[in-house]
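Listed below, chain by chain, are the residues.
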Amino acid sequence: MIINRAYRYEVKPNVRERILLAKHAGCARFAYNWGLARRIALYQTEKKSTNAITQHRELNKLKKTNFPWMYEVSKCAPQEALRDLDRAFKNFFAGLKAGERVGFPKFKKKGVHDSFRLTGAIRVEDKAVQLPRLGVLRLKEETGIAGRILSATVSREADRWFVSLTCEVEIPEPEQVTGEVIGMDVGLNHFVIISDGTKIEAPKPLGKYLKRLKRLSRKHSRMQKGSNNRKKSALGLARLHRRIRNSRQDFMHKLTTALAKTKSGIVIEDLNVRGMLQNDRLSRHITDVGWGEFRRQLAYKTVWYGSTLIVAPRFYPSSKTCSSCGYVMDSMPLSIREWDCPCCGVHHDRDVNAAVNLKKYAISVA
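Definitions and limits used
Along every chain, residues carry numbers that run from 1 in the direction the sequence is written. Two thresholds apply to this predicted model, a pLDDT of at least 70 for residue-level local features and 80 or more for giving and counting side-chain atom pairs, whereas whole-chain, interface and lining totals are computed over all residues. Side-chain measures were taken over the full set of non-hydrogen atoms in the model, leaving aside hydrogen atoms and water. We call a set of buried Ala, Val, Leu, Ile, Met, Phe, Trp, Tyr and Cys residues a nonpolar core when their side-chain atoms join them within 4.5 Å. To sort residues, take the accessible area from a 1.4 Å probe on protein chains only and compare it with the maximum for the residue type: under 20% means buried, over 50% means exposed, and anything in between is partly exposed. Starting at the N terminus, helices and strands are each numbered in turn, a helix being any DSSP run of H or I of at least four residues and a strand any DSSP run of E of at least two. Where each domain begins and ends is defined by an automated method or by a domain database. Residues count as neighbours in contact if any of their non-hydrogen atoms are within 4.5 Å of one another. The buried area of a pairing is the accessible area, by a 1.4 Å probe, that goes missing from both parts when the two are put together, added over both. A carboxyl oxygen of Asp or Glu within 4 Å of a side-chain nitrogen of Lys or Arg is what we treat as a salt bridge. In the analysis that follows, any N or O atom pair within 3.5 Å is treated as a polar contact, provided that within protein one partner can donate a hydrogen and the other can accept it, and provided that, for residues neighboring in sequence, both atoms belong to side chains. When residues are sorted by character, Ala, Val, Leu, Ile, Met, Phe, Trp, Tyr, Cys and Pro go into the nonpolar class, Asp, Glu, Lys and Arg into the charged class, and all the rest, Gly among them, into the polar class. Being paired, for any two strands, means DSSP has found at least two bridges between them.

Visitor: Residues and numbers for the nonpolar core, please.
Guide: In this structure, F116, V129, L131, L134, V163 and L165 are the most contacted members of the largest nonpolar core, which totals 43 residues. Counting only elements with at least two residues in this core, the list comes to β1 (2-11), α1 (15-46), α2 (52-63), α3 (76-98), β2 (115-118), β4 (128-131), β6 (148-157) and β7 (160-170). Within the second largest apolar cluster, 18 residues are counted, among which are M184, V186, V289 and F294.

Structure below.
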């Protein structure tokens, strides 16, 4: 089985390399914004569209006269940025046709998600990676890459640089996991409630660092724009955001890997997370736990390790159905955490009952 797998390492650049990395990120950002501005202007004047190939040819003609500084970086950085813009427009129009809310492409800002992608001659050594135009960059750990390298995405998080190598890897067909089938209900009080009654707590890193985050944000907003103190404040704020994200990702990867390796079948609900985020009281808590990322990781890890992911329909009544007799309640507000079945009288924990019903759904569709 051939899959695409990414290997991410932290780069240990010197001063010269930091400048080159920043130039590449800036060039990619400029090309993306330039292409977006040209597409908007073209549609407003001629009601026409274009694509990445045409825009790259147009940008190449302007390099020598208008943007000579672009020769200081690899040609892949602006080229891949224009391809990203092309993909963003395709997703936008596909969302319009499907009736989904996909945002119109936005202009990129300096210092916000700085990144660029390179293709071509990319090689790895024990603790180094060689990239086009950048040369050999030292890494903070040894590489363990197997397969053909397709591309390298370099990104900055606060004051650190990372390289993510996308590789085409051939792995043996995984053997089917012999563990049990489980149903899982996600929540806010507990991140995951399993059908056997196990409840797993979420780290909730945003809630943990929220007080400190508010304090640093207020301090940053009072700094004079353009001052060195404001730059230092922005760096401290970015470091805290990185710590929050890393805590959430570490928990998510460990949990999804353990489930995919030990459970033969995993049943979850098709939650309308985007709709739930419209609730002002719950939106911050929902984004803190990361339900969407949890499902995304389960989707590919179950394929890698030989288990099966089953997604119950969005309107499957898992919470208001009695797992003992099958009686379905007319309504079940979120405020009700425990209830008694009016038909058989069995007392239910709302979340455990939902997880048990999800497990029964897997048996019914098998």
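Visitor: Just give me the short version of the environment of E10, but keep the residues and values in it.
Guide: Tracing the sequence through the fold places E10 in strand β1. Note on E10: relative accessible area 14%, which makes it buried. With 130 residues separating them along the chain, E10 and K140 place their C-alpha atoms 5.8 Å apart.

Visitor: I'd like to hear about the domain arrangement of the protein chain, residue by residue, with values.
Guide: Interfaces are frequently sized by the accessible area removed from exposure as the parts join. With domains assigned, the protein chain is organised as domain 1 (1-168) and domain 2 (175-202 + 251-365). Here domain 1 and domain 2 have C-alpha centroids that lie 37 Å from each other. Opposite the six residues of domain 1 that make contact, domain 2 presents four residues. The three residues of domain 1 that bury the most area against domain 2 are M1, R5 and R101, which together make up 80% of that side's buried surface. Seen at the junction of domain 1 and domain 2, the total is zero salt bridges. One can count zero residue pairs in polar contact (both at pLDDT 80 or more) joining domain 1 with domain 2. Across the side of domain 1 that touches domain 2, the residue classes break down as three nonpolar, one polar and two charged.

Visitor: Lay out the sheet that holds strand β5 (residues 135-138) in plain terms, naming residues and giving numbers.
Guide: Pairing within the open sheet is antiparallel, and its three strands lie in the order β3-β4-β5. A single partner strand is all that each edge strand has here, and the edge strands are β3 (123-124) and β5. Here β4 pairs with β5 via four bridges, running antiparallel. Paired with A128 across the two strands is R138, which belongs to β5.

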